[in-house]
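# Examination of the molecular architecture
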Amino acid sequence: MAKKKSILDLYQMKENGEKAAWIVLYDSCYASYAEAAGIDMILCGDSMGMVVYGYEGTVPVTMDMSIAHCQGVRRGAPNTYLIGDLPFGSYHASTEDAVRNAMRFYKEADVDAVKLEGGVAVADKIRAITQAGMVVFGHIGLTPQSSASMGGFKAQGRTVESAKAVIEDAIAVYKAGARTLLLEGVPEEICAFVHQMLPIPVYGIGAGAQCDGQVILAADMLGMYQNFTPKFVKKYADIAGMATNGIAEYVKEVKADIFPGPEHKYKISGEQEEFNQLFEQMKPLFEK
Ligand code: KIV
């Protein structure tokens, strides 16, 4: 079994030019598949709001939901670098909230780092969490928690003005002490520039290939989440199709009395006659 990575390993990978592959998932089963597949990191993301809970966005996700899912992921992938995702409202009101909630991830879900969305506007929260001894992953560009103020899930940094704001966010996150930075939904040129300028690992999701690694939602790349598929997703499997076909087959077999078959049944231990006698004895007890 591969040794669990540390933040130093992530820096070494950057140094060596080895790309990091991380994935977003929310439960112990998928976490164990990802660990067996050799994933570098798992983010237990607040996209669980849409994928697991059926909300339209990530805003309703709470700390308690995030912690419970993160605990499941940790149990499924005990040897994989795990990042907890601070949900909307858990770090915005004060630096005290930010530190307290980041600590909950460490103490209750055994994470290796926390991620939070935003740049200039949350630099004080990143600094406070970092000063408390925790590892922060920054996340800028298309930040789903603020999709309402962005007018939806829209790519950022496409105009010069917007690119300037993304780059200013990257600088603020770095200067506040974040140990890595994730850029989401920006043109490759912007991500490449930030990657070239910053000494910390810079990762992308929908930000092109010129950075230190990629993250993607398991629900998107395995074809599970059907409501919406971003342009940057490549599908590696069709779990939705397989699951629907499997369940349809099960329905058919139950109705046709094919399932359960002999191999799915427990056997009595003893003579059938003894059980017949028992049933006869018990029958009167069913009378009202
Ligand atoms: O919660 C999530 O899935 C994320 C990814 C978009 C990186 O934050």
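Residues numbered from 1 in each chain as written. Predicted model: local features only at pLDDT ≥ 70, side-chain atom pairs only at ≥ 80, totals over all residues. Heavy atoms only, no water.

On to the pattern of salt bridges, then. Close approach of charged atoms allows side chains of opposite charge to pair. Under the counting rule described, the total for this entry stands at 13 salt bridges. Where Lys-5 meets Asp-40, a salt bridge forms, and the shortest distance between an N and an O atom there is 3.2 Å. You can see Lys-5 sitting in the segment before helix 1 (7–16) and its partner Asp-40 sitting in the loop between helix 2 (28–37) and strand 2 (41–44), a full 35 residues away along the chain. Taking relative accessible area as the criterion, Lys-5 reaches 23% and is therefore assigned partly exposed. Assessed through its relative accessible area of 10%, Asp-40 is described here as buried. (Salt bridge = Lys/Arg side-chain N within 4 Å of Asp/Glu carboxyl O. Helix = DSSP H or I, 4+ residues; strand = E, 2+ residues; numbered from the N terminus. Buried < 20%, exposed > 50% of the residue type's maximum accessible area, 1.4 Å probe, protein only.)

To continue, consider the site of the ligand. Neighbouring the ligand are Val-24, Leu-43, Gly-45, Asp-46, Ser-47, Asp-85, Lys-115, His-139, Leu-182, Glu-184, Ile-205 and Leu-217. Between the ligand and the protein, one listed contact pairs an oxygen atom with a side-chain N or O atom of Asp-46 at 3.0 Å. Contact between the ligand and Ser-47: an oxygen atom at 2.5 Å from a side-chain N or O atom of the residue. Summarising the interface, the protein chains cover 96% of the accessible area of the ligand, which totals 260 Å² for the free molecule. Taking a 2 Å distance to the grid points as the criterion, the majority of the atoms of the ligand fall inside the largest pocket. Class assignment of the residues belonging to the shell around the ligand gives a composition of five nonpolar, three polar and four charged. (Near = heavy atom within 4 Å. Polar contact = N/O pair within 3.5 Å; in protein donor to acceptor, adjacent residues only side chain to side chain. Areas by Shrake-Rupley, 256 points an atom, 1.4 Å probe, with all protein chains shown as cover. 1 Å grid on protein atoms, 1.4 Å probe; cavity = no way out; pocket = protein on both sides within 12 Å on 5 of 7 lines; lining within 4 Å. Sits in = over half its atoms within 2 Å of the grid points. Nonpolar A, V, L, I, M, F, W, Y, C, P; charged D, E, K, R; others polar.)

This paragraph deals with the side chain of Gln-145. Structurally, Gln-145 is set in the loop between strand 5 (136–141) and helix 7 (147–150). Within polar-contact distance, the side chain of Gln-145 engages the side chain of Tyr-91 at 2.8 Å. Not counting the four nearest positions on each side in its chain, Gln-145 is found in contact with Asp-46, Thr-58, Val-59, Leu-86, Pro-87, Phe-88, Tyr-91, His-92 and Glu-117. (Contact = heavy atoms within 4.5 Å.)

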